[in-house]
Amino acid sequence: MALRGPLSRLLRCTLSSCQQNRSHSVAILGAPFSKGQKRRGVEHGPKAIRDAGLVERLSNLDYAVHDFGDLTFKHLEKDEHFMHVPFPRTVGRANQLLSGAMSGAVGAGHTCIMLGGDHSLAIGSVDGHAQQCPDLCLIWVDAHADINTPLTSPSGNLHGQSVAFLLKDLQNKMPQVPGFSWMKPFLSARDLVYIGLRDVDPGEHIILKTLGIQYFSMRDIDRMGIQRVMEVTLDHLLARKQRPIHLSFDIDAFDPSLAPATGTPVNGGLTYREGIYVTEEIHNTGLLSVMDVVEVNPTLGATPEALEATTSLAVDVIASALGQTREGAHIAFPKIPEPKEDTELRL
Ligand SMILES: NC(=[NH2+])NCCC[C@H](N)C(=O)O
Ligand SMILES: [Mn+2]
Ligand SMILES: [Mn+2]
């Protein structure tokens, strides 16, 4: 749509300092971490996504790409379970480190891409982003709601609990998990929208309903269409005021036929076109500030083709969130090139 580009640029000028000067500089933060769940291999996600050509794709979109490399996480030796939650201190410490790095990168004026790693990393990623942009809103694209508390979680895994750590509204339902005393929940339930849900635990369902969280399950997408879902999503988050968007994209939101190399696949997911439409619409707001891409697990690709499909899909959604269009672009050509006088036009 013709109005989108100029309109979004106009809006960007009126934004708070944390959103300015972001448009042409992208930071990549690798977070090779897997202790938020029990399947090893997801720590190789950042390398696999880079190997699929991420930096080159973003450079072709005319961005200055700053690849900050991978963070170094430590596994703490003495880290007993908390209730049935494994590795609480290790996950807490990793997220503390990521939060600091994310805050620094956002503060330096970059649009940031966090490559996971498992989805527990969204705790640090969103926390660090919020330190620079306290009025951010969160779009969570996922088969799962990741909003269990330690008391509702069937698995104990922290990658299924990230949102519960972020939400102010759940503060009095959360026990003190060791490793997380460095952070305070800051997000309001109304500043969050889910897209793609199809595997929601009973405890998560009561949380979503009690807090009145806006979500669009795969059934809602079937019923309304992805175009209407995005309209309502962006209206819900941005109608009152324009603010930075944090997009947390779990690759398992896509159908497992498209993204097989992931730890908790669920049938009946987003089509390629639905997923790309989501990121295109987010790009068109001009407000994307941080994007997480998580749960790409290269060791779970049954064949090299399955892995390649998953990683190139990850690169495609990132490129689309950063402005790659299906209609082409004329970055290299201000006008249609004309042959010089003395060149023969046709043979
Ligand atoms: N980020 C993910 N893939 N999360 C899967 C969570 C699965 C399940 N709801 C749990 O809490 O254990
Ligand atoms: Mn998921
Ligand atoms: Mn997730």
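About the criteria used
- Residues numbered from 1 in each chain as written.
- Chains lettered and ligands numbered in written order.
- Predicted model: local features only at pLDDT ≥ 70, side-chain atom pairs only at ≥ 80, totals over all residues.
- Heavy atoms only, no water.
- UniProt positions renumbered as here; feature names shortened; annotations may be inferred.
- Donors = N, O, S within 2.8 Å, 3.2 Å for Na, K, Ca; no water.
- Helix = DSSP H or I, 4+ residues; strand = E, 2+ residues; numbered from the N terminus.
- Buried < 20%, exposed > 50% of the residue type's maximum accessible area, 1.4 Å probe, protein only.
- Near = heavy atom within 4 Å.
- Polar contact = N/O pair within 3.5 Å; in protein donor to acceptor, adjacent residues only side chain to side chain.
- Areas by Shrake-Rupley, 256 points an atom, 1.4 Å probe, with all protein chains shown as cover.
- Nonpolar A, V, L, I, M, F, W, Y, C, P; charged D, E, K, R; others polar.
- Salt bridge = Lys/Arg side-chain N within 4 Å of Asp/Glu carboxyl O.
- Contact = heavy atoms within 4.5 Å.
- Pairing = 2+ DSSP bridges.
- Axes fitted to C-alpha atoms, helices over the stretch in contact; angles between N-to-C directions.
- Phe/Tyr/Trp six-rings, centres within 6.5 Å; stacked < 30°, edge-to-face > 60°.

Where an unreviewed UniProt entry is consulted, the chain appears under the name Arginase, with the organism given as Carassius auratus. Quoted verbatim from the Sequence similarities (unreviewed entry) field of UniProt, the annotation for the chain is "Belongs to the arginase family."

**So, the coordination of the manganese ion (ligand 2)**
Looking at the metal site, the manganese ion (ligand 2) is ligated by Asp 142 (OD), His 144 (ND1), Asp 250 (OD), Asp 252 (OD) and Asp 252 (OD), spaced 2.2 to 2.4 Å from it. Binding-site remark: the manganese ion (ligand 2) is held by donors from one chain whose sequence spacing is D-x1-H-x105-D-x1-D. Between the manganese ion (ligand 2) and the manganese ion (ligand 3), the interatomic distance is 3.2 Å, and Asp 142 donates to each metal, bridging them. Pair noted here: His 144 is in the loop between strand S4 (137–141) and helix H6 (162–166) and Asp 252 is in the loop between strand S7 (245–250) and helix H10 (272–285), with a separation of 108 residues, a long-range link. With relative accessibility at 1%, the residue Asp 252 sits in the buried group.

**Details of the coordination of the manganese ion (ligand 3)**
In this structure, His 119 (ND1), Asp 142 (OD), Asp 146 (OD) and Asp 250 (OD) serve as the protein donors to the manganese ion (ligand 3), at separations of 2.0 to 2.2 Å. Spacing between the donor residues of the manganese ion (ligand 3) along the chain follows H-x22-D-x3-D-x103-D. What makes His 119 buried here is its relative accessible area of 0%.

**What to know about the site of ligand 1**
Inspection of the region around ligand 1 gives 13 residues, with Asp 146, Asn 148, Ser 155, Asp 201 and Thr 264 positioned closest. At a separation of 2.9 Å, a nitrogen atom of ligand 1 approaches a polar side-chain atom of Thr 264. For ligand 1, whose accessible area on its own is 350 Å², the fraction buried by protein is 94%. A breakdown of the residues in the shell around ligand 1 according to their chemical character gives no nonpolar, seven polar and six charged.

**Regarding the pattern of salt bridges**
Counted according to the given criterion, the structure contains eleven salt bridges. A salt bridge links Lys 47 to Asp 51; its shortest N-O distance comes to 2.6 Å. Residue Lys 47 and its partner Asp 51 are both found in helix H2 (residues 45–51); the two are separated by four residues, about one turn of the helix. The exposure classification of Lys 47 matches that of Asp 51, with both residues exposed. With a closest N to O distance of 3.4 Å, Glu 80 and Lys 78 form a salt bridge. A single salt-bridge network, built from bridges that share partners, covers Arg 50, Asp 67 and Asp 70.

**Details of the UniProt feature "binding site: Mn(2+)" (unreviewed entry) in the chain**
The sites that UniProt annotates as "binding site: Mn(2+)" (unreviewed entry) are His 119, Asp 142, His 144, Asp 146, Asp 250 and Asp 252. A stretch of 134 residues holds the annotated residues, and the largest C-alpha distance among them is 12.2 Å, short enough that they meet in one place. Since its relative accessible area comes to 2%, Asp 250 is described here as buried. If sequence neighbours within four positions are ignored, Asp 250 has contacts with His 119, Val 141, Asp 142, Asp 146, Val 294 and Glu 295. In this structure the side chain of Asp 250 is engaged in a polar contact, spanning 3.3 Å, whose partner is the side chain of His 119. Look past the residues within four positions of Asp 252 in its chain and what remains in contact with it is Asp 142, Ala 143, His 144, Arg 198, Thr 262 and Thr 264.

**Quick notes on the sheet that holds strand S3 (residues 111–116)**
Pairing in this open sheet of eight strands is parallel, and the strands run S2-S1-S3-S8-S7-S4-S5-S6 from one edge to the other. Two strands bound the open sheet, and with one partner strand each, they are strand S2 (64–70) and strand S6 (214–217). Ignoring strand direction, the axes of neighbouring strands in this sheet form an average angle of 15°. In this structure, S7 lies alongside strand S8 (residues 288–294), joined through six bridges in parallel fashion.

**Re unusual backbone geometry**
Note the cis peptide between Gly 116 and Gly 117, where omega equals 10°. Tracing the sequence through the fold places Gly 117 in the loop between S3 and helix H5 (122–132). The backbone phi angle of Asp 62 is positive, close to 80°, even though this residue is not glycine. With a relative accessible area of 44%, Asp 62 lands in the partly exposed category. Phi angles above zero are rare outside glycine, and Phe 87 is one such case at about 55°. In this fold, Phe 87 is placed in the loop between S2 and helix H4 (88–107).

**Quick notes on the packing of aromatic side chains**
Throughout the structure, instances matching the rule amount to three aromatic pairs. With a centroid separation of 4.4 Å and 35° between ring planes, the pair formed by Phe 165 and Phe 180 is classed as tilted. Of this pair, Phe 165 sits in helix H6 while Phe 180 sits in the loop between H6 and strand S5 (192–197), placing them 15 residues apart in sequence. Per residue, the accessibility class of Phe 165 equals that of Phe 180, and both read buried.

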